[in-house]
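Architecture at a glance
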Number of protein chains: 4
Amino acid sequence: MVIILKNNPDKAQLSNLMGWLEQKGIRIQETTGVSRSILGLVGDTASIDIDALRALEIVEDVKRIQEPYRLANRKMHPENTVIRVRDTVIGDGGLTIIAGPCSVESEEQICKIALSVKASGATILRGGAFKPRSSPYSFQGLEADGIKLLKKAREVSGLPIVSEITDTEQLPLFEDVDIIQVGARNMQNFELLKRLGKIDKPILLKRGLSATYEELLMSAEYIMSGGNKQVILCERGIRTFETQTRNTLDITAIPILKSLSHLPVVADPSHSTGKAELVPAVSLAAAAAGADGLIIEVHNDPEHALSDGPQSLKCEDFRLLAEKLGTVVGAMRQNKA
Amino acid sequence: MVIILKNNPDKAQLSNLMGWLEQKGIRIQETTGVSRSILGLVGDTASIDIDALRALEIVEDVKRIQEPYRLANRKMHPENTVIRVRDTVIGDGGLTIIAGPCSVESEEQICKIALSVKASGATILRGGAFKPRSSPYSFQGLEADGIKLLKKAREVSGLPIVSEITDTEQLPLFEDVDIIQVGARNMQNFELLKRLGKIDKPILLKRGLSATYEELLMSAEYIMSGGNKQVILCERGIRTFETQTRNTLDITAIPILKSLSHLPVVADPSHSTGKAELVPAVSLAAAAAGADGLIIEVHNDPEHALSDGPQSLKCEDFRLLAEKLGTVVGAMRQNKA
Amino acid sequence: MVIILKNNPDKAQLSNLMGWLEQKGIRIQETTGVSRSILGLVGDTASIDIDALRALEIVEDVKRIQEPYRLANRKMHPENTVIRVRDTVIGDGGLTIIAGPCSVESEEQICKIALSVKASGATILRGGAFKPRSSPYSFQGLEADGIKLLKKAREVSGLPIVSEITDTEQLPLFEDVDIIQVGARNMQNFELLKRLGKIDKPILLKRGLSATYEELLMSAEYIMSGGNKQVILCERGIRTFETQTRNTLDITAIPILKSLSHLPVVADPSHSTGKAELVPAVSLAAAAAGADGLIIEVHNDPEHALSDGPQSLKCEDFRLLAEKLGTVVGAMRQNKA
Amino acid sequence: MVIILKNNPDKAQLSNLMGWLEQKGIRIQETTGVSRSILGLVGDTASIDIDALRALEIVEDVKRIQEPYRLANRKMHPENTVIRVRDTVIGDGGLTIIAGPCSVESEEQICKIALSVKASGATILRGGAFKPRSSPYSFQGLEADGIKLLKKAREVSGLPIVSEITDTEQLPLFEDVDIIQVGARNMQNFELLKRLGKIDKPILLKRGLSATYEELLMSAEYIMSGGNKQVILCERGIRTFETQTRNTLDITAIPILKSLSHLPVVADPSHSTGKAELVPAVSLAAAAAGADGLIIEVHNDPEHALSDGPQSLKCEDFRLLAEKLGTVVGAMRQNKA
C-alpha cells in the first residue's frame, strides 16, 4: 500500500499516523519529493481500511498494491481448484457443459430436456425455480415445486442439478440441490453470501451486471471466508451502452479471472447475448478463451417457454453446438500439448 | 405494443398469434409494408410477456409503447405522492434534509450528530446498522445494537430515523424504524421488495449502480403491488467509466423520474461522489434540479469514522451547506411563484 | 510515480532501469517488502512514458501520482483563467449564457433568434454551420454560408459568435469567428487540436462521450502546449447504459474540473438530455453546481428545425429559463458572500 | 417507422403531418388505441429525419423499424464482401492475420518484424506512422518517414501494408499505402470519412470506444455512400467501468456485425486488452467467434518499444499464437463442413 501525502502535512498528524501503522506491525518507508511525499507500507495491509486512510486530512490518496482478496487469490493458492459434483468435475482442464431451461415448467418439460441435453454431452442440468424477474407481473417460477421437479429430472437422467437461490429463507429447500447458483442481481447480497459460506456445497457465483473483477472476487471471498471453498465464478455479461444485445459478454474476464484466481470460471452465453442465434458463436469463443465450462439455456419448445424464450436454444441446435464445441476443445487440447 | 414481423411470416403461425392476442382482449391493427409488416396492439398489454413474443419464429422485434409500471406511473396518478413521517413530510414541494453518519458507531457519536444536524436544519436522521461492505474483512456495522442506538438518538433529538435493511430476516428489528432503506446493491433483491410491500412504512429505495429508470420504477412497483404505496426514490449515482468519483450522479434522473412517476425523489450526494469536498456543489445542484430531499453523510469526526470517512461532511461544514441550500430553495420557490 | 516490481526481479535489469531513471534526473527511493518491492520516483516524471515502464519484464505495475497535464493544471496556475470575447467574459465568477440554434438555417432565422436570446440575457450566439451528423443522409449544415449568416447575426445583434469546426481544412473560414468549438466527437482529433494551439482565439472544447476528466484535460493540454491558453471546457453528457436521455450529464464534472484546472467550465444541457422539457432543470442544476456558463439550444420554430429540434427551447421558454437562472445565480452569489 | 402520438393530438397538426408524409411517398396506417394512437409508416423512410418528427408537439415518440444504413446492410447485399489486397484476401471465410509494431521506429525494426511475422503466417503488415497519443508530450510517430519505412518493409517482405491516417491533409502520403486505417478516436471524424469515400482503397474502420453497432455501420455508410465499398470493420474494445483491462473486447460484436452487414469483421486483441499476456486467449476467442481477421501488435523488443510496449507480443510468442490459431481455424472449418 502506498500513501501519497498532501503538501506540507501537519507534523503531529503525520507522526500519529506513522505510530498507528507501526503498532499494526506495518513497516513504513518514506520517499520525500519536492512537492509531495509518499509512504510505502510493507506488511499485512489487507486489514487496513483504505477509506479510513483516505479520510485523513494529511492524505491526498492511497493506492493499493496487493489485491484485497486472499482466499480467492491465485498467489496464495497457485494450483487450480477442481470442483467435483457427483460424477462430474469443473476446473480440471476440460469443458463442463451445464444446460437446461431458464425455468422449470413441468415434469414432462424438465425431464425431456434433461435426457436430451445429456445425450448431447451436457453433464449438469440447470433449471430455475425462483426467478428474479424485473416485473412483479411476470411469471416468478414454480418455487418449491420447481426444485422438486428438478430432483425428479436428476433421478431420470442421472445429471446433477444447479438452481438459483434468491433469499436466505429458501436455504432449506436447497439442501439436496447439487450446486446453488447466486444470480447477478444478488452478487452483492452479502447476507446471502455469508450464509452460503457456512454450507458444504459448490456455489456458482454470477458476476453482477456492473461488477468489477475485484468485486466478483471479493464476493467469492465472502463465501470462502465462511469456510466454503467451492466457488465457481461465472461471466454472464456486463451492462454497457450497446442495446442490440441484452448484455456485453466480457470475454477477457475468462483469462484474467483465471490468472487472478485459482477458482474455475464458466461463461453464460445465453443471458449475456439474450438471443439464441448468437449463442453458438459466443460459446465457441468462450471455450477458445479457456473457460472451464458453459451454462447454456436449452428448451424443447422455446416459443412456449414461460421465460427467456428468445435466448434458448432448441434441443437439436444445442446438439449441433455441443458437437462444434467438441472440435474446438480438441483443438485447444492440441494447443496445450 | 408494436410487433414487427419477419419477412413472409408463416400464415398458420401468424393466425395463431393473432387468435391468442384477441383472446386476451387485445385489438390488433396490421400495417403491411413492402418488406415487413407490423401489428399494432391496443388494450391492456402490461400482462403480455414481451420476451414470449420475441421468441416466436415469425417475430423480428417487439417495441413497447406503454410503460410496464402501473402503480408508480404518473399517468395513473397525476398528483404528487406526499409521504409523512412523524412531524416531517417528503414530496410536498419543499426540500427535506436527511443527515447522519454512514455507520452508527456509539451512543455518544449518534446522539451528538443527531442534535447537531437537527440544529442545522435536517429533519430526518440516517445511520447504518447493517453495512453492505464489499470486503468481508471490513467493519460490518453494529447490527441490532446499531438500531437500538439509533432509537436512542431519536429519543434525544426527536428526529425520525432511517436505516438500511440487507436481508428479509432482519425485518423484526426494523419494526420501530421510521423509514426502511433498500440499498443500491439490493434494488433487485425481489424477495426483500415483496416483503417490504406487505408492511405499512415508507421505503427509501436506492437506484442500483447500473439500473435504468424503468428498472428502478419496476422495483418500486414490486413494493407497491404488495400494498405499500409509500416509496421514496433515491438517485445515488451510477457506475460509469470515470474513476475520479466513486459513482456518477445522474442529475437528469431527478426531473425525469418526477415526470414518469408521482413518487418523491431524493438525491444522495455523499455516496455518488465519494468525496466530502464535492458534496456541497452536488447538493446545491440536486436542489436546483427539483429534488424533494437530500440524504447527506455527516460525521462529528470523519477522520476516525469506521466507514466511508472520506465522503462525510463535518458537522460545521454541513451547517454551512444547509444554509446555502436554504438560499437556493428560496430562489427555486421564487421561480415557481 | 511509483513502480511496483515483480517478485525477485532480475538484478541486472533492475540496475539498468535505475541507471536510466537517474540519468533523467529522477531520484529513486526503494521500499523492500516481503513479497514485493516498490520504487518511489521523485522529480519531473511527466516526460516518462508510463507504458514504456509497464512493458519492462521486471515491472508489475506503475502508478502515477502527479497528473500528466501541466498547463491546464490548477496546481501550476492557482488563479482562474478568465476569457474575454468582445464585451463578454467567461470565468469571472458569473454565469455566461451562450444560446442559439443547433444549425444556422437562414438569415431570417439566425438574426431573429440572435435578437431574441440577447433580449433574454444571452451574451454569446451559437449556431452550427458544419454539422457532424451520424447519418450521411441527414442535413450536413450550410457550411461556409452558415458562417456568413452567423456573422450577419453578429452585426445585427452585437453578440460574439461561436461555431463548430470539424476539419483542419476549414480553419480559414473561422478566421473571423469569435470562439471555435471542438465537438465531442473530435475531442481526440489531435491534429485539429494541434492546429488550434497555433491560433489566438478562445476554443470551446467539449468532453467526448466516453472521455475521462484526465483525457479532457490532456486534450486541453494539446491546445495549450501549442501556445493558445484560451480554452473553455464543456461538460455535455457522457454515454451510459440509460436510454431515456440522449446522454447522461455528469454534474460532478463541474466542481471537479474546476478544482483540477483553472480553465472555465460550461455545461450543455441541450445535447446531454436531448429533450427540451429537461433543459430547465438541468440548466438550473449546472448553475447551482458552479458552472461558469451554459450553452443552450434555442429555436424560433423547433418543429421545423433542420436538426436537433426535440432538444431546442422555444424563444419564450428560454426567456423564462433565463429569468429563473438569474434568481439561482443571485442565490449562489449570496452563498459566497 | 412507427410514430406514437400524444393523447388527443391537435387535428390540424395531425393532418399537416400526414399530408407531408404522403407527399414524400410514404403510406400511413393508423392504429387508434384507448389512450394513444400510433401511425405505421410504409415506404422509404431512411430519408426522414427521426429527430424532426420527435420535435413535433403532437408526437410522443418515434421508433425506427428499418436500419438507417443501406449500403452496409446485409439485407441489401446478402453475399459477403471479399476484399483483395495484393495477394491477400479478407472476408473469404479464412482468418487473415495482420501483424506488426504499434509504431514504426526504424528501418531495421520494421523490416525485421515484417520478415518475422510473415514467416509465422501473417499476410499483412501493420505499423503506425501518425500516432494519436492522449498526451502531447508522448512520442507522436515518425510521420512521413514512418510511411517510407513501411514501404521499405513491404519491398523486403512482400507483405501489403496498413497504417493509420489522422487528418485529411495526410491523404497524399497514403497514396501508395495498401489499406488505410481509421482509428477509434476518428470513427466519427466525418470529414475524413467523406474523403476516404472518394478514393479506391480498402479502409480498416475501427469501432469507437463508445460507439454502438449502428454508429459503426453508419460510419461505414459515410465511406460507402461516397463510392468506396471496400470497408473492413474492426472491433477493438469498448470503454466500460472495468479498469484492469484497457478496454473491453465485445466478442458478440463479431457475429452480430456479420449478421447485420456483409462487410468483413476483424478484431484487435492488442488494443482492447492492453496486456500481451491476454492477447493469445482473446485472439483464439475472436477466431472461434467467426472473425475474418485479427490485427495483432508484435515487436522484436517490446521493452524498448516507443509506444504501447505492454501490449505487444514478442516475435516468438506471436509465432506460437499463430500456430494455435491454425488449429482453431482448422476446427472451425471442420465445424462448417
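Residues numbered from 1 in each chain as written. Chains lettered and ligands numbered in written order. Predicted model: local features only at pLDDT ≥ 70, side-chain atom pairs only at ≥ 80, totals over all residues. Heavy atoms only, no water.

**Focus: the overall build of chain A**
- Looking only at helices and strands, chain A has ten helices and 15 strands in total.
- In terms of principal-axis extent, the alpha carbons of chain A reach across some 75 × 45 × 40 Å.
- When burial is assessed residue by residue, chain A has 65% of its 337 residues classed as buried.
- Pairs at least 24 residues apart make up 67% of the contacts formed inside chain A by residues separated by at least 6 positions.
- Total accessible area on chain A is roughly 11700 Å²; 48% of this is exposed by carbon and sulfur atoms.
- Placing the 40 positive and 43 negative side-chain charges of chain A at their respective mean positions leaves the two points 2 Å apart. (Helix = DSSP H or I, 4+ residues; strand = E, 2+ residues; numbered from the N terminus. Buried < 20%, exposed > 50% of the residue type's maximum accessible area, 1.4 Å probe, protein only. Contact = heavy atoms within 4.5 Å. Areas by Shrake-Rupley, 256 points an atom, 1.4 Å probe, with all protein chains shown as cover. Lys, Arg positive; Asp, Glu negative; His and termini not counted. Charge placed at Lys NZ, Arg CZ, Asp CG, Glu CD.)

**Points about the relation of the copies chain C and chain D**
- Superposition record for chain C on chain D: RMSD 0.0 Å, screw rotation 180 degrees, translation along axis 0.0 Å. Taken together, the rotation and translation relating the two chain copies correspond to the operation of a two-fold axis. For chain C, the residue whose C-alpha comes nearest the rotation axis is serine 210 of chain C, separated from it by 3.1 Å.
- When the interface residues of chain C are mapped onto chain D, 100% of them again lie at the interface, so the same face is used by both copies. (Least-squares fit on C-alpha atoms with pLDDT ≥ 70 in both.)

**What to know about the packing of aromatic side chains**
- Inspection of every chain in the model, using the stated rule, returns eight aromatic pairs over all chains.
- With centroids separated by 6.1 Å and ring planes inclined at 35 degrees, the aromatic side chains of phenylalanine 130 of chain B and phenylalanine 174 of chain B adopt a geometry described as tilted. Placement of the pair is phenylalanine 130 of chain B in the loop between strand S8 (124–126) and helix H4 (144–157) and phenylalanine 174 of chain B in the loop between strand S9 (161–165) and strand S10 (179–182), with a sequence separation of 44 residues. Like phenylalanine 174 of chain B, phenylalanine 130 of chain B is buried.
- Above the ring of tyrosine 137 of chain B, the side-chain terminus of arginine 70 of chain A is found at 4.4 Å from the ring centroid. (Phe/Tyr/Trp six-rings, centres within 6.5 Å; stacked < 30°, edge-to-face > 60°. Lys NZ or Arg CZ within 6 Å of the ring centre and 35° of its normal.)

**Points about the pairing of S9 of chain B**
Residue and element names in this part refer to chain B.
- Along S9, five of the five residues are buried, which leaves the element largely enclosed by surrounding structure.
- Sheet topology note: the S8/S9 ladder contains two bridges and is parallel. Paired with arginine 126 across the bridge in S9 is valine 162.
- Traced from S8 through H4 to S9, the parallel crossover comes out right-handed.
- Examined bridge by bridge, S9 and S10 share four bridges and lie parallel to one another. (Pairing = 2+ DSSP bridges. Right-handed = clockwise from strand over helix to strand, strands pointing away.)

**Let's talk about the interface of chain C and chain D**
- Opposite the 49 residues of chain C that make contact, chain D presents 50 residues.
- Surface buried jointly by chain C and chain D totals about 4200 Å² across both partners, of which 43% is contributed by carbon and sulfur atoms.
- At the boundary of chain C with chain D, the tally comes to six salt bridges.
- For arginine 195 of chain D, the salt bridge goes to glutamate 169 of chain C, with nearest N and O atoms at 3.0 Å.
- Counting across the chain C and chain D interface gives 23 residue pairs in polar contact (both at pLDDT 80 or more). (Buried area = accessible area lost by both parts, 1.4 Å probe. Salt bridge = Lys/Arg side-chain N within 4 Å of Asp/Glu carboxyl O. Polar contact = N/O pair within 3.5 Å; in protein donor to acceptor, adjacent residues only side chain to side chain.)

**Quick look at the domain arrangement of chain A**
- According to the domain assignment, chain A consists of domain 1 (2–63) and domain 2 (83–336).
- Averaged C-alpha coordinates put domain 1 of chain A and domain 2 of chain A at centres separated by 44 Å. (Domains from an automatic or database assignment.)

**Some points on the sheet that holds strand S2 (residues 27–32) of chain C**
Residues and elements named next belong to chain C.
- Strand order across the open sheet formed by four strands is S2-S3-S1-S4, with antiparallel pairing between neighbours. Among the strands making up the open sheet, the edge pair consists of S2 and strand S4 (59–63). Going from strand to strand, the sheet's axes swing by 20 degrees on average, the running direction of each strand aside.
- Bridge analysis of S2 against strand S3 (residues 37–42) gives six bridges, and the strand direction is antiparallel. Paired with arginine 27 across the bridge in S3 is valine 42.
- Against the sheet, helix H1 (residues 11–23) contacts strand S1 (2–5), S2, S3 and S4, and its axis sits at roughly 145 degrees relative to S2. (Axes fitted to C-alpha atoms, helices over the stretch in contact; angles between N-to-C directions.)

**Looking at the interface of chain C and chain B**
- Between chain C and chain B, the residue contacts involve 38 residues of the former and 38 residues of the latter.
- Contact between chain C and chain B buries roughly 3000 Å² in total, counting both sides, with carbon and sulfur atoms accounting for 70%.
- The largest contributions to the chain C side of the interface with chain B come from Phe241, Gln244 and Asn335 of chain C, which together make up 19% of the buried area.
- There are two salt bridges connecting chain C and chain B.
- No other element matches helix H10 (residues 315–336) of chain C, which puts eight residues into the side of chain C that touches chain B.

**Concerning unusual backbone geometry**
- The residue arginine 86 of chain D is not glycine, and still its phi comes out positive at about 50 degrees.
- By the element assignment, arginine 86 of chain D lies in the loop between strand S5 (83–85) and strand S6 (88–90).

**As for the pattern of salt bridges**
- Under the counting rule described, the total for this entry stands at 88 salt bridges over all chains.
- Residues lysine 75 of chain A and glutamate 60 of chain C are paired through a salt bridge, measuring 3.6 Å at the closest nitrogen-oxygen approach. Here lysine 75 of chain A is found in the loop between strand S4 (59–63) and strand S5 (83–85), whereas its partner glutamate 60 of chain C is found in strand S4 on a different chain.
- Overall, lysine 75 of chain A belongs to the partly exposed group, its relative accessible area being 45%.
- Lysine 75 of chain B is the salt-bridge partner of glutamate 67 of chain B, the closest N and O atoms lying 2.9 Å from each other.

**Considerations on the environment of cysteine 315 of chain A**
Residues and elements named next belong to chain A.
- Turning to its location among the elements, cysteine 315 is positioned in helix H10 (residues 315–336).
- Along the chain, cysteine 315 and glutamate 297 lie 18 residues apart, while their C-alpha atoms are 9.7 Å from each other.
- In this view, cysteine 315 contacts Ser116, Val298, His299 and Asn300; residues no more than four positions away in its chain are not counted.

**With respect to the environment of lysine 63 of chain D**
- With respect to the secondary-structure elements, lysine 63 of chain D resides in strand S4 (residues 59–63).
- Non-local contacts of lysine 63 of chain D, meaning those with residues more than four positions away in its chain, are made with Lys63, Arg64 and Ile65 of chain B together with Met1, Val2 and Ile4 of chain D.

**Quick word on the sheet that holds strand S2 (residues 27–32) of chain D**
Residues and elements named next belong to chain D.
- Here four strands make up an open sheet; going across it, the order is S2-S3-S1-S4 and the pairing antiparallel. Of all the strands in the sheet, the pair left with one neighbour each is S2 and S4. Between one strand and the next, the sheet's axes are offset by a mean angle of 20 degrees, whatever the strand orientation.
- Alignment of strand S1 (residues 2–5) against strand S3 (residues 37–42), held across three bridges, turns out to be antiparallel.

**Here we look at the environment of glycine 290 of chain C**
All names here are of chain C.
- Along the chain, the position of glycine 290 falls in the loop between helix H9 (279–288) and strand S14 (293–299).
- Accessibility expressed as a relative area gives 28% for glycine 290, which makes it partly exposed.
- Sequence-wise, glycine 290 and alanine 322 are 32 residues apart; in three dimensions their C-alpha atoms are separated by 16 Å.
- Once residues within four sequence positions are removed from consideration, glycine 290 is found in contact with Ile254 and Lys258.

**A look at the packing of helix H3 (residues 107–120) of chain C against H10 of chain C**
Residues and elements named next belong to chain C.
- Where H3 contacts H10, the axes come no closer than 9 Å and their chain directions differ by 20 degrees. Taken together, H3 and H10 sit at an angle that is classed as roughly parallel. H10 is crossed by H3, and the crossing has right-handed handedness. Across the interface between the two elements, Ser116, Val117 and Ser120 of H3 pack against Cys315, Phe318, Arg319 and Ala322 of H10.
- Of the residues contributing to the contact of H3 with H10, the split by class is four nonpolar, two polar and one charged. (Parallel < 35°, antiparallel > 145°, perpendicular 65-115°, else oblique. Left-handed = near helix turned anticlockwise from the far one by under 90°. Nonpolar A, V, L, I, M, F, W, Y, C, P; charged D, E, K, R; others polar.)

**Some thoughts on helix H9 (residues 279–288) of chain B**
Residues and elements named next belong to chain B.
- Most of H9 is tucked away, with nine of its ten residues classed as buried.
- Looking at H9, one finds that the buried residues are Val279, Ala281, Val282, Ser283, Leu284, Ala285, Ala286, Ala287 and Ala288.
- Glycine 290 sits one or two residues past H9 and shows a positive phi near 105 degrees.

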